[in-house]
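Examining the three-dimensional arrangement
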Amino acid sequence: MPVYTCTTVQSMLSADTKADLAAEVTRIHSMINHVPGAYVNVVFHELPADAVYTDGQPAQPLLINGWVRTGHPEAQSSQLVAEVAAAASRVTGIPAKRILVVIQNSPAHLAIEGGRVLPAPGEEEAWLRETAVQGQEAD
């Protein structure tokens, strides 16, 4: 359901570091927003060194842009962004001052996954049960 895009300069993160960061983002999102890890998407986007600037100067930040469904409680969203930012620094070794995490949202009905409109927050269990039943019928 959610999509996290991690943007960095090329070769800034090793394959192992990317895997560890993806695992942590997945764990955190699953724990806070009560979504199975199988639905959490983490994408890495690497740009040439001359394509990333901060304050008008070449830079090497870690930019994490997450999309989630509208409707999660504010405290939950604040916890999510804080924990993702802390994990990003811990896993990558990049200082917190060079990490930016932004969580954006839109209504669930504006997204489709697996051919089905996403459920609103709090309606995941019924959606997942229905998905499982449809999967069994397809077998």
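What this report covers is the structure whose coordinates are included nearby. As the structure is a computational prediction, the values presented were derived from the model and not from experiment. (Residues numbered from 1 in each chain as written. Predicted model: local features only at pLDDT ≥ 70, side-chain atom pairs only at ≥ 80, totals over all residues. Heavy atoms only, no water.)

**Some thoughts on the pattern of salt bridges**
Considering all chains together, one arrives at six salt bridges under this definition. Residues Arg-69 and Glu-124 are paired through a salt bridge, measuring 2.7 Å at the closest nitrogen-oxygen approach. Pair noted here: Arg-69 is in strand E5 (residues 62-69) and Glu-124 is in helix H3 (residues 124-138), with a separation of 55 residues, a long-range link. When its relative accessible area of 3% is taken as the criterion, Arg-69 is described as buried. Accessibility expressed as a relative area gives 7% for Glu-124, which makes it buried. Note that Arg-116 and Glu-130 form a salt bridge whose closest N and O atoms lie 3.0 Å from each other. (Salt bridge = Lys/Arg side-chain N within 4 Å of Asp/Glu carboxyl O. Helix = DSSP H or I, 4+ residues; strand = E, 2+ residues; numbered from the N terminus. Buried < 20%, exposed > 50% of the residue type's maximum accessible area, 1.4 Å probe, protein only.)

**Details of the environment of His-45**
Following the sequence through the fold, His-45 ends up in strand E2 (residues 41-47). The class for His-45 is partly exposed, based on a relative accessible area of 40%. Residues His-45 and Glu-125, spaced 80 residues apart in sequence, show a C-alpha to C-alpha distance of 32 Å. When neighbours within four sequence positions are excluded, His-45 is seen to be in contact with Thr-5, Cys-6, Thr-7 and Thr-8. (Contact = heavy atoms within 4.5 Å.)

**What about the packing of helix H1 (residues 15-33) against helix H2 (residues 74-92)?**
Two numbers describe how H1 lies on H2: the axes approach to 10 Å, and their chain directions differ by 160 degrees. Taken together, the axis directions place H1 and H2 in an arrangement best described as roughly antiparallel. In the packing of H1 onto H2, the handedness of the crossing is right-handed. The residues of H2 that touch H1, namely those facing Thr-17, Asp-20, Leu-21, Glu-24, Val-25, Arg-27, Ile-28, His-29, Met-31, Ile-32 and Asn-33, are Gln-76, Gln-79, Leu-80, Glu-83, Val-84, Ala-87, Ala-88, Arg-90, Val-91 and Thr-92. Along the lines of polarity and charge, the residues of the contact of H1 with H2 split into ten nonpolar, six polar and five charged. (Axes fitted to C-alpha atoms, helices over the stretch in contact; angles between N-to-C directions. Parallel < 35°, antiparallel > 145°, perpendicular 65-115°, else oblique. Left-handed = near helix turned anticlockwise from the far one by under 90°. Nonpolar A, V, L, I, M, F, W, Y, C, P; charged D, E, K, R; others polar.)

**Here's the deal with unusual backbone geometry**
Not every positive phi belongs to a glycine, and Ser-11 is a case in point at roughly 65 degrees. Taking the relative accessible area as the measure of exposure, Ser-11 reaches 70% and is therefore exposed. Positioned with a positive phi, His-34 is a non-glycine residue whose angle comes to about 55 degrees. Checked against the element boundaries, His-34 lands in the loop between H1 and E2.

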